[in-house]
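Letter by letter, the chains look like this.
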Amino acid sequence: MQETDIGTIPGWQPLMLSLDLPSATVSGAQIGEQKLAVWRDSKGQVHVSDDRCPHRGMRLSLGFVREDMLACLYHGWRFDEGGHCRVIPAHPDIRPASTICVPVFPAREHAGLIWTRVDGADTGDPPETEWNLPETEHVTPVRTIMINVPLATVMTQLGGASGTCVRISAAARKGPPLSLLIVARPAGHARTQLHLLLEGKAPQTLCKQAAFWAMDFRDATEREYAGDGSDA
Ligand code: FES
């Protein structure tokens with residue numbers, strides 16, 4: 001079975017559905033060992049930084065967005081999109097030293113998802129998917145689901161795809177087959193995060209069926225993996 005080194009994951013990785021990060025909010029994510037704070041400013045731009053405040057190490061993903069800066073929950077230090085500290089509330093008249101900063105990572109929104117990469121590269125291109133969706137093509141985000149099974153096993157269950165992006169036709173509990181776009185990424189040694197989208201502008205009824213499919217797929221895959229045990 002393919003081994004996944006969760007400490008060094010190269011390339012663009014999908015973090016969450018775009019709709020799960022409203023304006024002026026922050027959320028947490030993790031790629032391998034790298035913990036991330038993912039935040040959106042009031043103009044809708046997404047930013048990704050290290051999740052550790054350089055002051056006393058508080059998780060920045062537990063903070064908030066204030067005046068288009070990421071603010072730490074503990075003492076309120078604020079960091080701009082470049083990761084530079086701009087405000088220290090306890091010393092409002094002091095301009096923070098340029099050395100006070102938090103590492104940042106490139107962020108992109110593409111195909112209804114927020115992507116980043118933590119391998120130090122930033123090609124400037126949108127993340128590639130095997131769907132080859134043009135930028136203009138519409139997708140409908142459905143949900144993100146966690147499966148307690150390694151990535152390689154999940155991808156085998158999804159039809160043996162070698163990459164992490166698949167397009168499948170899945171049987172719905174009710175109604176016509178679903179045209180699903182799925183992006184997977186390792187979320188630990190034996191955990192996989194799946195982001196589900198539907199092709200085109202899908203009505204709520206189809207989204208509901210796709211969400212049912214995701215839960216059924218998760219339950220069946222976890223059951224089979226637990227029964228097999230070959231990857232444990
Ligand atoms: S720990 Fe973040 S401001 Fe103090």
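On a predicted model such as this, the values are computed, not experimentally measured, just so you know.

K.L.:
Got a sec to walk through the pattern of salt bridges? Specific residues and values, please.
P.N.:
The tally for this structure, following the rule as stated, stands at nine salt bridges. Note that Arg86 and Asp80 form a salt bridge whose closest N and O atoms lie 2.8 Å from each other. Overall, Arg86 belongs to the partly exposed group, its relative accessible area being 42%. Asp216 is the salt-bridge partner of Arg173, the closest N and O atoms lying 2.8 Å from each other. Residue Arg173 is found in the loop between strand S13 (165-170) and strand S14 (178-186), and its partner Asp216 is found in helix H2 (residues 204-228); the two are separated by 43 residues along the sequence. We classify Arg173 as exposed; its relative accessible area is 52%. With a relative accessible area of 34%, Asp216 lands in the partly exposed category.

K.L.:
Please give an account of the sheet that holds strand S2 (residues 25-31) that cites residues and values.
P.N.:
Pairing within the open sheet is antiparallel, and its four strands lie in the order S2-S3-S4-S9. Each end of this open sheet is capped by a strand with a single partner; those strands are S2 and strand S9 (104-105).

K.L.:
Explain the sheet that holds strand S1 (residues 13-17) to me, and be specific about the residues and the numbers.
P.N.:
Across the sheet, three strands lie side by side as S1-S11-S10; this open sheet has antiparallel pairing. Across the chains shown, the open sheet's two edge strands, defined by having one partner strand only, are S1 and strand S10 (107-110). Taken over all neighbouring pairs, the strand axes of this sheet differ in orientation by 30° on average, direction set aside. Two elements, S10 and strand S11 (residues 113-116), share four bridges in a ladder whose sense is antiparallel. The residue of S11 that forms the bridge with Ala107 is Thr116.

K.L.:
Which residues make up the nonpolar core, and what are the values?
P.N.:
Ranked by size, the top nonpolar core spans 27 residues in total, and within it Leu158, Leu180, Ile182, Leu194 and Trp213 carry the most contacts. When contributions to this core are tallied by element, the ones reaching two or more residues are strand S12 (139-147), helix H1 (151-157), S13, S14, strand S15 (192-199) and H2. Looking at this core element by element, the count peaks at seven residues for H2. Excluding residues within four positions of it along the chain, Leu194 makes contact with Arg143, Thr144, Ile145, Ile147, Val154, Leu158, Ile182, Val183, Ala184 and Phe217.

About the thresholds
- Residues numbered from 1 in each chain as written.
- Predicted model: local features only at pLDDT ≥ 70, side-chain atom pairs only at ≥ 80, totals over all residues.
- Heavy atoms only, no water.
- Salt bridge = Lys/Arg side-chain N within 4 Å of Asp/Glu carboxyl O.
- Buried < 20%, exposed > 50% of the residue type's maximum accessible area, 1.4 Å probe, protein only.
- Helix = DSSP H or I, 4+ residues; strand = E, 2+ residues; numbered from the N terminus.
- Pairing = 2+ DSSP bridges.
- Axes fitted to C-alpha atoms, helices over the stretch in contact; angles between N-to-C directions.
- Core = buried A, V, L, I, M, F, W, Y, C linked by side-chain atoms within 4.5 Å.
- Contact = heavy atoms within 4.5 Å.

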